[in-house]
Amino acid sequence: LKETGQPSKEAFRKVASEIHQAFSQIGFVYLINHGISKEQASSIFQKSRDFFLLPLEVKEKYKRLPNHYDGYLSPDKEILQSGVQTEMKESYSIGNSESIFPSQEDAPGFKQTCLDFLSPCVALCRRFLVVLALSLDLAEDFFLKRHKELTKYKENPSSLRILYYPPVTNVTDPTTVRCSEHSDFGTVTFLFQDSVGGLEVKTKSGEWIPATPLEGAILVNVGDLLAIWSDGLYPATPHRILVPREETKKRCSRSSLAYFVLPDDIVMVEPLDGSNRFPTVNAAEYLSSKLKTVLTYI
Ligand SMILES: O=C(O)CCC(=O)C(=O)O
Ligand SMILES: [Fe+2]
């Protein structure tokens, strides 16, 4: 799916069939030769570390506002699964250049680095949406037509989320996790992990298996809305990140980047085979109802 060169129709079909296989079996796939360079990824990982290591009161100047999806979310503001008391993570979300950004004094180069990373993500996403449509035997532009406004945050909430899981020290609450079990809400998510690991994916039989970071590979997973479109053929696979058991790993922070792809706000999502196993939902309403249930303070 690299930007350069013109892949043949057969090449596209081959990738589509591999995606069909991975998405229908486990809902996650490793993507290589995706066109996003190591340098692009490592510079945003570096800027993200610099930001999260700032004092809390500086980071909180840029916090997410009620009913907005962009900005900084401080530790413990988001609990994805009921019963979990603490999720040891912080995040920063960006929709486009109009999102909340830290000042140049507080975080030099942060804004530009994020925007420089976002644009190849959008380009990759558009190529992926073509292959995704082919994988479901749909017209090539089926998903593109429903994700027309990927860069207009006011019409499409797709966003890049930078995640930071601090070192784990003095944890007494046994329900503490880095990220509790959940499925993503949208169409697909592109996930870039550092080398620390810890992400686990739930198989259809209920087993947790590690999604070990592979250097240079991006993980792509199915979100709730794609599960609806595909009538469950592509499951929105639950995933989580526990606190590492080994002391040395506990003391390591973990960073990741998630580009969440969602349909345009106006899109109605319904099973494409006409079944009524899943209700028809409006994309914007679905997202806002999900966010209301997982955010503890908005
Ligand atoms: O940090 C990760 O690797 C996964 C994060 C995640 O699943 C999410 O934010 O939805
Ligand atoms: Fe997720």
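Computed from a predicted model, the values in this text were never measured in an experiment. What you see as residue numbers is a count from 1 along each chain, following the sequence as written. Whichever chain is written first becomes A and whichever ligand is written first becomes 1, with later ones labelled in order. Local features in a predicted model are, by the rule used here, given only for residues with pLDDT of at least 70; side-chain atom pairs are given and counted only at 80 or more, and totals for whole chains, interfaces and linings are based on all residues. Calculated side-chain values reflect all of the structure's heavy atoms, with hydrogen atoms and water omitted.

Trainee: Would you mind going over the packing of aromatic side chains with me for this structure?
Mentor: We describe a pair of aromatic rings using the distance from one ring centre to the other and the angle between the two ring planes. The rule is short: rings of Phe, Tyr and Trp, with Trp giving its six-membered ring, pair when the centres are within 6.5 Å, and they are stacked under 30 degrees, edge-to-face over 60, tilted in between. If you walk through the whole model with that rule in mind, you get 15 aromatic pairs. A ring pair is formed by Phe-52 and Tyr-72, whose centres lie 6.4 Å apart and whose planes are at 45 degrees; its orientation type is tilted. With Phe-52 in helix α2 (residues 38-52) and Tyr-72 in strand β2 (residues 71-73), the pair connects residues that are 20 residues apart, well separated along the chain. Accessibility classification places Phe-52 together with Tyr-72 in one group, the buried group. Helix numbering and strand numbering both begin at the N terminus, where a helix is a DSSP run of H or I of at least 4 residues and a strand a DSSP run of E of at least 2. Note on exposure labels: buried denotes an accessible area under 20% of the residue type's maximum, exposed denotes more than 50%, and partly exposed covers the range between, all computed with a 1.4 Å probe on protein chains only.

Trainee: Looking at this structure, I do not really get the packing of α2 against helix α4 (residues 110-135). What am I missing?
Mentor: Each packed pair of helices is defined by two parameters, the angle between the axes and the distance between the axes. Comment: axis = line fitted to C-alpha atoms, over the contacting stretch for helices; angle = value between 0 and 180 degrees taken between N-to-C directions. One can describe the packing of α2 onto α4 by two numbers: an axis separation of 9 Å at closest approach and a directional angle of 145 degrees. By crossing handedness, the relation of α2 to α4 is classed as left-handed. Contacts between α2 and α4 involve Gln-40, Ala-41, Ser-43, Ile-44, Lys-47, Ser-48 and Phe-51 from the first element and Phe-110, Thr-113, Cys-114, Asp-116, Phe-117 and Pro-120 from the second. Looking at side-chain class alone, the contact of α2 with α4 contains 7 nonpolar, 4 polar and 2 charged residues. Note: crossing handedness is left-handed where the near helix turns anticlockwise from the far helix by less than a right angle, and right-handed where it turns clockwise. Here, two residues are considered to be in contact whenever any of their heavy atoms come within 4.5 Å of each other. Classes in brief: Ala, Val, Leu, Ile, Met, Phe, Trp, Tyr, Cys and Pro nonpolar; Asp, Glu, Lys and Arg charged; the others, Gly included, polar.

Trainee: Just to check I follow, could you spell out the coordination of the iron ion (ligand 2) for this structure?
Mentor: Octahedral six-donor coordination of a metal ideally yields angles of 90 or 180 degrees, compared with 109.5 degrees for tetrahedral four-donor coordination. Note on the iron ion (ligand 2): its protein donors are His-182 (NE2), Asp-184 (OD) and His-239 (NE2). The metal-donor distances range over 2.1 to 2.2 Å. Donor atoms (N, O, S) are those found within 2.8 Å of the metal centre, with the cutoff raised to 3.2 Å for Na, K and Ca; water is not part of the atom list, so apparent gaps in a site can occur. The sequence pattern describing where the donors of the iron ion (ligand 2) fall on their chain is H-x1-D-x54-H. Using a relative accessible area of 6% as the deciding quantity, one classes Asp-184 as buried.

Trainee: Please clarify how the environment of Gln-40 should be interpreted in this entry.
Mentor: Mapping Gln-40 onto the fold places it in helix α2. Between the C-alpha atom of Gln-40 and that of Pro-120, which follows or precedes it by 80 residues, the distance is 9.2 Å. If sequence neighbours within four positions are ignored, Gln-40 has contacts with Gly-35, Asp-116, Phe-117 and Pro-120. Polar contact is the term for a pair of N or O atoms within 3.5 Å; when the atoms are in protein, one must be able to donate a hydrogen and the other to accept it, and sequence-neighboring residues count only if both atoms are side-chain atoms. Engagement of the side chain of Gln-40 in a polar contact is seen with the backbone nitrogen of Ser-37, the distance being 2.9 Å.

Trainee: What's the story with the sheet that holds strand β7 (residues 199-202) in this structure? I'm lost.
Mentor: Paired through backbone hydrogen bonds, the strands of a sheet run either parallel or antiparallel to each other. Strand pairing follows a simple DSSP-based rule, namely that at least 2 bridges must link the two strands. Reading across from one edge, β5-β10-β7-β8 is the order of the 4 strands in this open sheet, with antiparallel pairing throughout. Of all strands in the sheet, those bounded by a partner on one side alone are β5 (179-182) and β8 (208-210). Neighbour-to-neighbour, the strand axes of the sheet open up by a mean angle of 25 degrees, direction not taken into account. When β7 meets strand β10 (residues 239-241), the two strands line up antiparallel, connected through 3 bridges. Directly across from Val-201, in β10, lies its bridge partner His-239.

Trainee: Please clarify how the sheet that holds strand β1 (residues 28-31) should be interpreted in this entry.
Mentor: Ordered in space as β1-β9-β6-β11-β4-β3-β2, the 7 strands form an open sheet in which the pairing is antiparallel. Looking along the sheet, the strands with just one partner apiece sit at the ends: β1 and β2. Sheet twist, expressed as the mean angle between neighbouring strand axes with direction ignored, is 20 degrees. Sheet topology note: the strand β6 (residues 188-193)/strand β9 (residues 218-222) ladder contains 4 bridges and is antiparallel. By the bridge assignment for β9, Val-188 is matched with Val-222. Across the sheet, α2 is in contact with β2, β3 (90-94), β4 (159-165), β6 and β11 (254-261); its angle to β4 comes to roughly 60 degrees.

Trainee: How should I be thinking about the pattern of salt bridges in this particular structure?
Mentor: Any two side chains of opposite charge can pair, so long as their charged atoms come close to each other. Put simply, a salt bridge is a Lys or Arg side-chain nitrogen that is within 4 Å of an Asp or Glu carboxyl oxygen. Applying the stated rule across the entire model yields 15 salt bridges. Linking Glu-215 and Lys-38 is a salt bridge whose minimum nitrogen-to-oxygen distance equals 3.4 Å. Taken together, the positions of Glu-215 in the loop between β8 and β9 and Lys-38 in helix α2 put the pair 177 residues apart, joining distant regions of the chain. On the basis of relative accessible area, Lys-38 is assigned to the exposed category, the value being 55%. Lys-61 serves as the salt-bridge partner of Asp-106, at 2.8 Å between the closest nitrogen and oxygen. Taken together, the positions of Asp-106 in the loop between β3 and α4 and Lys-61 in the loop between α3 (56-59) and β2 put the pair 45 residues apart, joining distant regions of the chain. By relative accessible area, Asp-106 is classed as buried at 19%.

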